[in-house]
Amino acid sequence: MECCSKFAFFGKAKKPQQVALSQDFFNSDEDDVDTNVFSIKFNSLQQGEKNIFMGDPTFCEGCKSVLSSLSKVYGLDEYNAIQANQNLLNQEEEKDNNKIKPRANLKSFISPEKLNKDDKVWICEFCGNHNVVRLEQEEIPKESDVYYLVQSASQLTQANKGISNSSDETVIFCIDNSGSMCVTSEIKSKKLQLKYGISEEERKMLSQFIEFGADQYFPGQSKSSTWISRKQCVVAAIENQLQEMAKTHPQRKVGLVTFNDDVFIIGDGLGHPETIAGDKLYKYEACLEEATKAYSTLLANPVGKSSNNILEKLKKLEEKGTTALGPALVSSIALACQGKPGSMVIVCTDGLANVGLGRMDTPQAEEEANKFYEDLGKFAKEKGIIVSVITIKGEGCKVDKLSKIAELTGGNVTRVNPEKIMDDFSNILKEELVGRDVDVKVRLHNSTKFRNEEAQYLSENGSLYQKNLGNVTASTEIIFEYEPKSQDELKALNLDVEKLEEIPFQAQITYTSSTNDRYMRVITLKVKITDNLENASKDVNI
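Being a predicted model, the structure only gives us computed values, none of them experimental. (Residues numbered from 1 in each chain as written. Predicted model: local features only at pLDDT ≥ 70, side-chain atom pairs only at ≥ 80, totals over all residues. Heavy atoms only, no water.)

Trainee: Please explain the overall build of the protein chain as it appears in this structure.
Mentor: Regarding its fold elements, the protein chain presents 13 helices and 23 strands. When burial is assessed residue by residue, the protein chain has 52% of its 542 residues classed as buried. (Helix = DSSP H or I, 4+ residues; strand = E, 2+ residues; numbered from the N terminus. Buried < 20%, exposed > 50% of the residue type's maximum accessible area, 1.4 Å probe, protein only.)

Right under this line is the structure:
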């Protein structure tokens with residue numbers, strides 16, 4: 001967890017508007033912006049799992065924050081002395097600058113007769129609640145970033161019966177082969193080397209119109225550029241990735257699903273493809289069942305053996321017909337579910353779904369498609385499948401519908417120019433799943449609240465954010481804004497911010513790892529308070 005500034009800005013109220021971090025917003029008017037921004041990244045999850053804290057997290061009975069290295073735990077004699085003379089609390093806290101100063105909203109003290117000689121008391125730095133704890137010194141975290149093992153993989157076996165135990169991820173390329181994929185674009189880059197182009201059948205058909213030895217350029221056309229179809233770009237990109245995976249992950253299962261009027265489950269290219277057509281295109285369970293059954297026969301071989309066969313199948317495809325995107329996506333996810341959690345579906349389409357499940361070619365169908373794609377995304381998320389989408393710029397593909405699946409599963413949606421598609425395939429395949437079924441709980445001090453977040457994820461007067469992120473990769477990052485509560489809100493909570501010098505933040509991230517263990521990561525930090533925006537803006541981290 002990283003803060004934009006070393007200070008929390010408690011100046012005058014700001015205008016409620018979203019501020020893009022990419023902008024140089026610190027040069028804007030003071031009334032518009034501030035530095036109250038922090039982020040959580042997930043790139044260090046796997047590294048942190050190697051240093052598990054031995055013990056269980058200790059939760060505050062008031063707000064469910066977790067005791068951390070910044071918490072202050074009092075021994076019985078010390079606590080009773082503070083209770084006898086509350087002023088000693090401030091004096092004691094001044095001696096320890098590394099601890100959060102719980103000066104605001106102190107709750108009622110626990111009477112001495114209710115405490116045993118071995119008891120200690122933790123005054124929560126977030127809500128001020130007094131918690132009785134029985135901890136040895138070594139049971140108190142020493143670091144601000146701590147990992148706890150919640151459940152081991154063996155304990156989760158029964159709960160995860162529907163999750164595959166395959167030894168490697170499966171990658172499914174779900175490729176649009178409708179008529180629009182034959183559209184060509186002018187490519188001036190000389191870096192794009194195309195081994196495959198039109199199919200043999202297409203070549204024979206076109207040859208009758210080409211005079212032998214004739215110049216194939218139009219008058220005035222640049223001879224330094226090339227016209228290539230979208231299909232050619234896709235095939236070139238997939239070829240590049242197959243070659244890479246065959247070297248780095250030779251045992252990985254890689255399959256191909258194509259779609260136009262119908263859905264064709266080609267798999268590893270070594271078996272006879274399975275076709276989903278007719279009424280089955282409109283039946284979710286039928287698509288799911290057909291693909292699941294096909295896995296054992298059509299994805300029996302690893303990419304080290306199957307890459308050339310997949311490319312040969314791609315080369316022979318003819319672009320024609322409509323776009324059965326929905327049924328193809330269901331089938332692709334069903335295939336990926338047979339692989340290890342973290343398996344991936346990469347959808348490449350340039351058209352509007354207009355056949356079968358998830359069709360979006362009429363207003364009524366589009367309304368029904370909203371639920372279809374959201375439910376499909378939830379299914380993929382539960383199975384630990386990442387779905388990423390590549391669409392062609394300038395086309396009618398409903399990106400907003402497909403983006404819901406990508407968001408739920410930790411994937412990406414990318415709109416590309418044909419000549420950039422190779423790089424985009426490469427970037428997507430570099431995304432490694434580091435956590436699934438990820439629950440994030442972020443707690444602010446009672447004096448502050450989140451800004452520009454959906455109300456459904458907020459509670460406790462805006463001080464607590466909770467959301468299930470589904471799958472996360474090493475590049476996943478979430479960014480938050482916050483602000484001080486209004487005077488009326490502070491008064492209702494009996495908080496006097498004038499007595500505050502610093503405030504804490506805490507993120508609790510509970511997730512299932514690639515080894516099927518369930519972990520909780522707890523990150524706690526503190527920042528000083530200032531009412532001077534210039535001070536808050538110094539040495540900002542954007």
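Trainee: Any chance you could explain the packing of aromatic side chains here in plain terms?
Mentor: Each aromatic ring pair is described using two quantities: the centre-to-centre distance and the angle formed by the ring planes. For the structure on display, the rule yields 13 aromatic pairs. Between Tyr-79 and Phe-109, the aromatic rings sit 5.4 Å apart at their centres with planes inclined by 45°, giving tilted as the arrangement. Highlighted residues: Tyr-79 in helix H2 (residues 76–84) and Phe-109 in the loop between helix H3 (87–94) and strand S5 (120–123), separated in sequence by 30 residues. The pair Tyr-79 / Phe-109 is uniform in exposure class, with both members buried. Residues Tyr-482 and Phe-505 carry aromatic rings whose centres are separated by 5.1 Å and whose planes lie at 70° to one another, so their mutual orientation is edge-to-face. Here Tyr-482, found in strand S21 (residues 477–484), pairs with Phe-505, found in strand S22 (residues 502–512); they are 23 residues apart in sequence, far enough to count as distant. Taken individually, Tyr-482 and Phe-505 each receive the classification buried, so the pair is uniform in this respect. One aromatic cluster is present, formed by Phe-38, Phe-450, Tyr-457, Tyr-465, Phe-480, Tyr-482 and Phe-505 through successive ring pairs. Here the basic side chain of Lys-72 rests over the ring of Tyr-74, its NZ or CZ set 5.5 Å away from the ring centre. (Phe/Tyr/Trp six-rings, centres within 6.5 Å; stacked < 30°, edge-to-face > 60°. Lys NZ or Arg CZ within 6 Å of the ring centre and 35° of its normal.)

Trainee: In this structure, what is going on with the pattern of salt bridges? I would like to understand it.
Mentor: If charged atoms from side chains of opposite charge come close, those side chains can pair. Here the structure, examined in full by the defined rule, presents 16 salt bridges. A salt bridge links Asp-119 to Arg-134, with the shortest nitrogen-to-oxygen separation between them at 2.6 Å. Linking Asp-119 in the loop between H3 and S5 with Arg-134 in the loop between strand S6 (130–133) and strand S7 (145–151), this pair joins segments that are 15 residues apart in sequence. Look at Arg-134 and you get exposed, because its relative accessible area is 57%. (Salt bridge = Lys/Arg side-chain N within 4 Å of Asp/Glu carboxyl O.)

Trainee: Even after reading the chapter, I still don't get the pairing of strand S8 (residues 170–176), so can you show me in this structure?
Mentor: The side chains of a regular strand alternate, first on one face of the sheet and then on the other. With seven of its seven residues buried, S8 lies for the most part within the structure. For S8 and strand S11 (residues 253–259), the ladder comprises seven bridges, and the chain directions are parallel. Among the inter-strand pairings, Ile-172 is bridged to a residue of S11, identified as Gly-255. Judged from the five bridges that link them, S8 and strand S14 (residues 344–349) form a sheet pairing that is parallel. Note that in S14 the partner of Ile-172 across the bridge is Val-345. (Pairing = 2+ DSSP bridges.)

Trainee: What should I look at first to understand H2 in this one?
Mentor: Along an α-helix, residues three or four positions apart point the same way, because every turn accommodates 3.6 residues. Those residues of H2 that sit buried are Leu-76, Tyr-79 and Ile-82. Considered in projection along H2, the buried side chains sweep an arc of 125° and stay on one side of the axis. Those residues of H2 that are exposed and angled more than 90 degrees off the buried face are Asp-77 and Ala-84. (Arc of directions from axis to C-beta.)

Trainee: Quick question: what am I supposed to make of the nonpolar core here?
Mentor: Most often, soluble globular proteins have nonpolar side chains that are buried together. Of all hydrophobic cores here, the largest spans 42 residues; its most connected members are Leu-329, Ile-333, Val-345, Tyr-373 and Val-387. Ranked by residues supplied to this core, first place goes to helix H8 (residues 325–336) with eight residues. Leave out the neighbours within four places in its chain, and Val-387 touches Leu-329, Ile-333, Val-345, Val-347, Ala-380, Ile-405, Ala-406, Thr-409, Gly-411 and Asn-412. By size, the runner-up hydrophobic cluster in this structure holds 35 residues, among which are Phe-10, Ile-40, Tyr-482 and Phe-505. (Core = buried A, V, L, I, M, F, W, Y, C linked by side-chain atoms within 4.5 Å. Contact = heavy atoms within 4.5 Å.)

Trainee: Looking at this structure, how should I read the sheet that holds strand S1 (residues 2–3)?
Mentor: Pairing between the strands of a sheet is mediated by backbone hydrogen bonds and can be parallel or antiparallel. Taken together, the four strands give an open sheet; going across it, the order is S1-S3-S21-S18, and neighbouring strands pair in antiparallel fashion. Strands at the two margins of the open sheet, each flanked by one partner only, are S1 and strand S18 (448–451).

Trainee: Looking at this structure, how should I read the side chain of Asp-119?
Mentor: Classification of Asp-119 by relative accessible area gives buried; the value is 4%. From its side chain, Asp-119 meets the backbone nitrogen of Asn-116 in a polar contact 2.7 Å long. One polar contact links Asp-119 to Arg-134, side chain to side chain, over a distance of 2.6 Å. (Polar contact = N/O pair within 3.5 Å; in protein donor to acceptor, adjacent residues only side chain to side chain.)

None of the figures reported here should be taken as evidence of function without further support.
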